[in-house]
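Residue-level listing of the chains:
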Amino acid sequence: MARTLYVASTNPGKLRDFRLAAASHDLGILPLPGLRAIEPPAEDEPTFAGNAREKATYYSRFLPGEMVLSDDSGLEVDILDGAPGVRSARYAADAGFRVAETADANNNLFLLQELAGVDDHQRSARYQCVLAVAQEGKDLFAAQGTAEGRILAEPRGSGGFGYDPLFYLPALDRTMAEIDDQTRWTVSHRGKAFRALLAALLTMIG
Ligand code: IMP
């Protein structure tokens, strides 16, 4: 039976990635109608899973009878005790750090400042992603994905977004910003979480 997942995200890159990955499973991916007009929820949970679930249950109330997918993701740096974590998008802004135009540029510069003088082998980090599906305000299921890497001392590459130019993948000897979209989907936290979510969903709907 063909089913549709409605994604509560305005990010066209995420929608495209989800759509391509779901296509071969007879699963449609569409943006949640009217999302831009909906007041967003607070997103103040201490974990990625908490935020993803909160968003999915909240947005699912706006489309009764349908399954709504939300995600939450971010970067955890070990020597910073897991920061920026759930505050990844607002890392520099939280600290009042603003030397560049964009949030991504400020976040990257602030991260480099926080890691100044830290040796390579102490710069381990991971991307985390949790995807949650809800229907009519009820949590249905969630899936998680992780990508392990290291934070470089200088950016490399121009692909991707966010912290990607600083996030080095030792197995590929590349940063997330130096690999093509297909490879990124294979190794990324979001790609892994989505494949796990698909497996759970296909089991549920048969
Ligand atoms: P969101 O959950 O997609 O809004 O991501 C939260 C923040 O985490 C983003 O603004 C980025 O700073 C960071 N982040 C999450 N996933 C990625 C990624 O795949 N690449 C780069 N940065 C990411």
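Definitions and limits used
- Residues numbered from 1 in each chain as written.
- Predicted model: local features only at pLDDT ≥ 70, side-chain atom pairs only at ≥ 80, totals over all residues.
- Heavy atoms only, no water.
- Salt bridge = Lys/Arg side-chain N within 4 Å of Asp/Glu carboxyl O.
- Buried < 20%, exposed > 50% of the residue type's maximum accessible area, 1.4 Å probe, protein only.
- Phe/Tyr/Trp six-rings, centres within 6.5 Å; stacked < 30°, edge-to-face > 60°.
- Helix = DSSP H or I, 4+ residues; strand = E, 2+ residues; numbered from the N terminus.
- Near = heavy atom within 4 Å.
- Polar contact = N/O pair within 3.5 Å; in protein donor to acceptor, adjacent residues only side chain to side chain.
- Areas by Shrake-Rupley, 256 points an atom, 1.4 Å probe, with all protein chains shown as cover.
- Expected span 1.5 Å × (residues − 1).
- Contact = heavy atoms within 4.5 Å.

Considerations on the pattern of salt bridges
The final tally for this structure, using the stated rule, is 13 salt bridges. Two residues, Arg-16 and Asp-17, come together in a salt bridge whose shortest N-O distance is 3.2 Å. Given a relative accessible area of 40%, Arg-16 falls into the partly exposed group. A network of salt bridges, in which partner residues are shared, links Arg-16, Asp-17, Asp-181 and Arg-184.

Some words on the packing of aromatic side chains
Counted according to the given criterion, the structure contains 8 aromatic pairs. Between Phe-97 and Phe-110, the ring centres sit 5.2 Å apart and the planes meet at 45°, which makes this aromatic pair tilted. Linking Phe-97 in the loop between helix H3 (91-94) and helix H4 (103-114) with Phe-110 in helix H4, this pair joins segments that are 13 residues apart in sequence. A relative accessible area of 9% means that Phe-110 is categorised as buried. Site record: aromatic cluster; members linked through ring pairs are Phe-18, Trp-185 and Phe-194.

Focus: the site of the ligand
Of all residues adjacent to the ligand, which total 13 residues, the nearest are Lys-14, Ser-73, Tyr-127, Asp-164 and His-189. Tyr-163 is positioned with one of its backbone polar atoms (N or O) 3.4 Å from a nitrogen atom of the ligand. One of the side-chain N or O atoms of His-189 is found 3.2 Å from a nitrogen atom in the ligand. For the ligand, whose accessible area on its own is 470 Å², the fraction buried by protein is 86%. Taken together, the elements giving at least two residues each to the shell around the ligand come down to strand E3 (67-77) and helix H6 (189-205). The dominant element in the shell around the ligand, judged by the number of residues it contributes, is E3, at 3 residues.

Here we look at H4
If you check H4, its first and last C-alpha atoms are 16 Å apart, about what 12 residues at 1.5 Å a residue would give, namely 16 Å. Regarding H4, the residues found buried are Asn-106, Asn-107, Asn-108, Phe-110, Leu-111 and Leu-112. Those residues of H4 that are buried lie in contact with E3, H3 and strand E5 (138-151).

Concerning the environment of Leu-27
Position of Leu-27 relative to the elements: it lies in strand E2 (residues 27-31). Considering only alpha carbons, one finds Leu-27 and Leu-202, 175 residues apart in sequence, at a separation of 9.1 Å. Excluding its chain neighbours within four sequence positions, the residues that come into contact with Leu-27 are Arg-3, Thr-4, Leu-5, Ala-22, Leu-198 and Leu-201.

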